[in-house]
Amino acid sequence: MIEKHIVLEDIDPVTFYGVNNSHLQMVRSLYPKLRIMARDNVIRVLGDEEVMCQFEEDIEKMRHHVLKYNVITEEDILHITKGELTKSDVSKNVVVYSLAGKPIKSRSANQQALIDAFSNKDMVFAVGPAGTGKTYLSIALAVKALKEKTAKKIILSRPAVEAGEKLGFLPGDMKDKIDPYLQPLYDALEDMIPQVKLQDMMDKHVIQIAPLAFMRGRTLSDAVVILDEAQNTSPAQIRMFLTRMGWNTKMIITGDLTQVDLPHGVKSGLRDAIDTLKDIDDIAIVNFNDKDIVRHRLVTKIVNAFKRTEN
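Conventions used here
Residues numbered from 1 in each chain as written. Predicted model: local features only at pLDDT ≥ 70, side-chain atom pairs only at ≥ 80, totals over all residues. Heavy atoms only, no water. Axes fitted to C-alpha atoms, helices over the stretch in contact; angles between N-to-C directions. Helix = DSSP H or I, 4+ residues; strand = E, 2+ residues; numbered from the N terminus. Left-handed = near helix turned anticlockwise from the far one by under 90°. Contact = heavy atoms within 4.5 Å. Nonpolar A, V, L, I, M, F, W, Y, C, P; charged D, E, K, R; others polar. Buried < 20%, exposed > 50% of the residue type's maximum accessible area, 1.4 Å probe, protein only. Pairing = 2+ DSSP bridges. Core = buried A, V, L, I, M, F, W, Y, C linked by side-chain atoms within 4.5 Å. Salt bridge = Lys/Arg side-chain N within 4 Å of Asp/Glu carboxyl O.

Asker: Pulling in residues and values, what's your account of the packing of helix H5 (residues 109-120) against helix H6 (residues 134-147)?
Answerer: Across the interface, H5 lies against H6 with an axial gap of 11 Å and an inter-helix angle of 35°. Taken as a pair, H5 and H6 cross one another with a handedness that is right-handed. Where H5 abuts H6, its residues Gln 111, Leu 114, Ile 115 and Phe 118 lie against Lys 134, Leu 137, Ser 138 and Leu 141. For the contact of H5 with H6, the class distribution of residues is 5 nonpolar, 2 polar and 1 charged.

Here is the structure:
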């Protein structure tokens, strides 16, 4: 009889063990010859070496399943222990899975174009109206890269453009004043990464969310870097941001040129960058339109209505 300790790395143990340890109880029933104990993210196992080897292989497959899909069911556990494909494995073209196990994948031709461009280019501009999934899909691609270890960190940024309220009059310290501008980025991450794990990643700076001004002077390497709401940058600001690019880094720049909040007469840095960089082969520009809108059906009608008044 031997004893081994298996560490469940990079996943939420609560999800793995199930409600009231239901998944753990099922695993114990599938391996009656082993004595299985769990505490936090460590599984302690005693038993025959041959059975132990199979158990370790299956636990690793279950861990990978949770890492990929954020959920695991009793049916998935059965499939894994029997050496069969789980239902989730049948899904194609999925970027990542939400915490509820919902597949996050392209829902339009231009969303798929963004996924393909991210795979083939180091810098991608995703430009189009509100509700087309530019930011959400970009963050999903970054989370996938982090999970697959093709990137060591995710850096998300937005320009803190004052619209209506001045930063100085908002309550709290600097972080409290800036966080409202960055909330859409937090929302997307919280849909894909368990809260405890996300907080740990942010504490360790594996995931960084900061206003654009905080990027100055940095070299961003081994990362997926996303600049959201880039239409609200000045030409000087976006030039500063784009030149932060370091080795083994991919950048996604998203924005909507119909929603510029800059002072009158100030040219959007996003428009300036697209005009300047459009002929560089290693840079992709994906243009979204109202057909790509994936929010409530009224959003499409609203976008079209405003478009008609502008023409």
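Asker: With reference to specific residues and values, describe the environment of Ile 193.
Answerer: With respect to the helices and strands, the residue Ile 193 is situated in the loop between helix H7 (174-190) and helix H8 (195-203). The exposure class of Ile 193 is buried, given its relative accessible area of 4%. In the structure, Ile 193 is positioned 126 residues away from Leu 67 in sequence and 9.6 Å away in space, judged by C-alpha atoms.

Asker: Residue-level account of the sheet that holds strand S11 (residues 283-287), with values.
Answerer: Strand order in the open sheet formed by 6 strands is S8-S7-S9-S10-S6-S11, with parallel pairing between adjacent strands. What marks the edges here is a single partner per strand, and that holds for strand S8 (207-211) and S11. Going across the sheet, the axis of each strand differs from the next one's by a mean of 15°, ignoring polarity. Direction of pairing for strand S7 (residues 153-158) relative to strand S9 (residues 223-227): parallel, over a ladder of 5 bridges. For Ser 157, the partnering residue across the bridge sits in S9 and is Leu 227. Contacts from H6 reach strand S6 (123-127), S7, S8, S9 and strand S10 (250-255), with the element oriented near 165° to S10. Relative to the sheet, helix H10 (residues 269-277) contacts S6, S10 and S11, its axis offset from that of S6 by approximately 125°.

Asker: Explain the pairing of strand S4 (residues 94-97) to me, and be specific about the residues and the numbers.
Answerer: Moving residue by residue along a regular strand, the side chains alternate between the two faces of the sheet. In this sheet, strand S5 (residues 103-105) lies alongside S4 in antiparallel orientation, the contact comprising 3 bridges. Each residue of the ladder has a partner; that of Val 94, found in S5, is Lys 105. Connecting S4 to the antiparallel partner S5 that follows it, the hairpin turn spans 5 residues, and Gly 101 within it adopts a positive phi of roughly 85°.

Asker: Requested: an account of the sheet that holds strand S1 (residues 2-7), with residues and values cited.
Answerer: If you walk across this open sheet you meet the 3 strands as S1-S3-S2, and the pairing is antiparallel. Of all the strands in the sheet, just S1 and strand S2 (35-39) have a single pairing partner and so form its edges. Taking the axes of each pair of neighbouring strands and ignoring which way they run, one obtains an average angle of 15° across the sheet.

Asker: Tell me about the nonpolar core, residues and numbers included.
Answerer: Ile 139, Leu 189, Ile 207 and Ile 209 are the most contacted members of the largest nonpolar core, which has 38 residues in total. Setting aside chain neighbours within four positions, we find Ile 207 in contact with Leu 146, Ile 154, Leu 189, Ile 193, Leu 198, Met 201 and Met 202. By size, the runner-up hydrophobic cluster in this structure holds 23 residues, among which are Ala 230, Met 251, Ala 273 and Ile 283.

Asker: Report on unusual backbone geometry, specifying residues and quantitative values.
Answerer: Located in the positive-phi region is Asp 10, a residue other than glycine, with phi close to 70°. On the secondary structure map, Asp 10 appears in the loop between S1 and helix H1 (13-17). A relative accessible area of 34% means that Asp 10 is categorised as partly exposed. The phi torsion at Asn 70 lies on the positive side, around 70°, for a residue other than glycine. Relative to the helices and strands, Asn 70 is located in the loop between helix H3 (49-69) and helix H4 (74-81).

Asker: Residue-level account of the pattern of salt bridges, with values.
Answerer: Counted under the stated rule, the structure contains 10 salt bridges. Among the salt bridges present, the one from Glu 60 reaches Arg 63, with a minimum N-O distance of 2.9 Å. With Glu 60 and Arg 63 both in helix H3, this residue pair falls 3 residues apart, about one helical turn. Its relative accessible area of 9% is what places Arg 63 among the buried residues.

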